[in-house]
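Read off the chains here:
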Amino acid sequence: MSTEHCITVIIPCLNEEANIGDHVRDVFDAASTLPEEARLQEVIVVDNGSTDATADKAAAAGARVVDEPVRGYGRACLAGALSADKADLLVFMDGDRSDDPADLPIVVSPLILGVADLVVGSRLQGSVQPGALTTQQRFGNWLGRQGLSRMYGVHVTDFGPFRAISRADLLRLDMQEMTFGWPIEMIARAARADLRVVNVPVSWRRRAGGESKVSGDLKASLKTGYRYVSTLVRCR
């Protein structure tokens, strides 16, 4: 008899009231397409200090809301992971509806099949809605990929936010980066731990509403790029 995997989807959020309700409902709808060896345990929305109705909208859609008032993308992701103590597989998604929950089976299948330890959705291998990836985002992606390849020997086409990993593996990585360097630190630390990192093609859409906290303007993009580089250096 095959082992059933319990999956928790973790969505860190900051002021996403325009998006989070529909996004959570889409995740629950996508659960019906998961492989038969897997089931969705719950959806956790980590409210990272929102000043709008993000938490209420998420709860009304069926998510369990975890409060992490100290700002930081990585801090919110970690809070969700620590709270997901009933799951053996964790899936991370952004809360702006850029990630398509319909890709959930694609992201978790390599873990369930035992051919990967960390699965990272690649927007560049999949489909990108026109205007969804800005020039700043593409440059930051290129910069991060170069650093991962040269410093850690990990060759990926993208290190987007839609990803899956076992909870046990994630906790063993001892993540330290509590801001926007979290996604790239996860891959770097996974490489150091000899985990198998694979890309799978996913869709990427324009955010449905609100403002990006990472790439909304040049200043935010430069700050994020600096965080990528400093995280890669620190992980060495």
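To be clear, the structure that these remarks concern was listed above.
Per chain, residues are indexed from 1 in the order of the written sequence. It should be noted that, the model being predicted, local features are given only for residues of pLDDT at least 70 and side-chain atom pairs only at 80 or more, the latter also being counted only at that level, while totals for whole chains, interfaces and linings use all residues. With hydrogens and water stripped out, all remaining heavy atoms of the structure feed into the side-chain values.

Moving on: the sheet that holds strand β6 (residues 163-166). Following DSSP output, two strands are said to pair if at least two bridges run between them. A run of H or I in DSSP becomes a helix once it reaches four residues, and a run of E becomes a strand once it reaches two; helices and strands are each numbered from the N terminus. In spatial order, the strands read β3-β2-β1-β4-β6-β5-β7; together these 7 strands make up an open sheet with mixed pairing. The sheet is open, and its two borders are formed by β3 (64-67) and β7 (197-204), each paired with just one other strand. Each strand of the sheet is rotated relative to its neighbour by a mean of 25 degrees, with strand direction disregarded. Taken together, the 3 bridges between strand β5 (residues 118-128) and β6 define a ladder with antiparallel strand orientation. Bridging from a neighbouring strand, V120 pairs with R163 of β6. Note on contacts: a residue pair is in contact if any heavy atoms of the two residues lie within 4.5 Å. Note on definitions: angles span 0 to 180 degrees between N-to-C directions of axes, and those axes are lines fitted to C-alpha atoms, for helices only across the stretch in contact. On the sheet, helix α1 (residues 20-30) packs against β1 (5-13) and β2 (38-47) and is oriented at approximately 165 degrees with respect to β2.

Relative to the elements of secondary structure, D94 occurs in the loop between β4 (89-92) and α4 (104-113). Burial status follows relative accessibility: with a 1.4 Å probe on protein chains alone, a residue under 20% of its type maximum counts as buried, one over 50% as exposed, and anything between as partly exposed. By the counting scheme adopted, Arg and Lys are positive, Glu and Asp are negative, and His together with the chain ends is not counted. The working definition used for a salt bridge is a side-chain nitrogen of Lys or Arg within 4 Å of a carboxyl oxygen of Asp or Glu. Here D94 sits buried without a salt bridge, and the closest side chain of opposite charge, R123, lies 6.5 Å off (N-O distance). The residues contacting D94, other than those within four sequence positions of it, are I11, H23, Y73, D99, P161 and W204.

Another point: unusual backbone geometry. The residue D174 is not glycine, and still its phi comes out positive at about 55 degrees. Looking at the element boundaries, D174 is found in the loop between α6 (167-172) and α7 (182-192). Even without being a glycine, D194 presents a positive backbone phi close to 60 degrees. Structurally, the position occupied by D194 is in the loop between α7 and β7. Look at D194 and you get exposed, because its relative accessible area is 68%.

This next bit is on the side chain of T8. Mapped onto the elements, T8 comes out in strand β1. The class for T8 is buried, based on a relative accessible area of 0%. Excluding residues within four positions of it along the chain, T8 makes contact with Q41, E42, I44, A84, A87, L89, L90 and V91.

Before going further, it helps to examine the packing of aromatic side chains. Within a pair of aromatic rings, the relevant descriptors are the distance that separates the centres and the angle that separates the planes. Aromatic rings from Phe, Tyr and Trp, taking only the six-membered ring of Trp, are treated as a pair when their centres fall within 6.5 Å; an angle between ring planes under 30 degrees marks them as stacked, one over 60 as edge-to-face, and anything in between as tilted. By the definition in use, this model includes 4 aromatic pairs. With 5.1 Å between their ring centres and 80 degrees between their planes, F159 and Y228 make a pair best called edge-to-face. Within this pair, whereas F159 is found in the loop between α5 (135-152) and β6, its partner Y228 is found in helix α8 (residues 218-235), the two being separated by 69 residues in sequence. Residue classification places F159 among the buried positions, given a relative accessible area of 5%. Judged by relative accessible area, Y228 falls into the buried class, the value being 13%. Our definition puts a charge over a ring when NZ of Lys or CZ of Arg is within 6 Å of the ring centre and also within 35 degrees of the ring normal. Here the basic side chain of R123 rests over the ring of W204, its NZ or CZ set 4.6 Å away from the ring centre.

Among the 10 residues of β2, 8 are classified as buried, and the element is accordingly described as predominantly covered. The pairing of β1 with β2 spans 9 bridges and is classified as parallel. Within β2, the residue paired with T8 across the bridge is E42. Crossovers are marked right-handed if the path from the first strand over the helix to the second runs clockwise, as seen with the strands pointing away from the viewer. Note that the unit made of β1, α1 and β2 has a crossover that is right-handed. Sheet analysis places β2 next to β3, joined by 4 bridges and oriented parallel. Paired with I44 across the strands is R64, a residue of β3. In the classification by handedness, the crossover that spans β2, the intervening helix α2 (residues 54-60) and the parallel β3 is right-handed.

As a further point, take the pattern of salt bridges. Counted under the stated rule, the structure contains 14 salt bridges. Linking E16 and R207 is a salt bridge whose minimum nitrogen-to-oxygen distance equals 2.9 Å. Of the two residues, E16 is situated in the loop between β1 and α1 and R207 in the loop between β7 and α8; the sequence distance between them amounts to 191 residues. Each of D22, R25, D26 and R97 takes part in one network of salt bridges that share partners.

If you trace the backbone, Q125 turns up in strand β5. Distance in space between the C-alpha atoms of Q125 and D99 is 14 Å, their sequence separation being 26 residues. In this structure, Q125 is in contact with T157, N199, V200 and P201, ignoring residues within four places of it in sequence.

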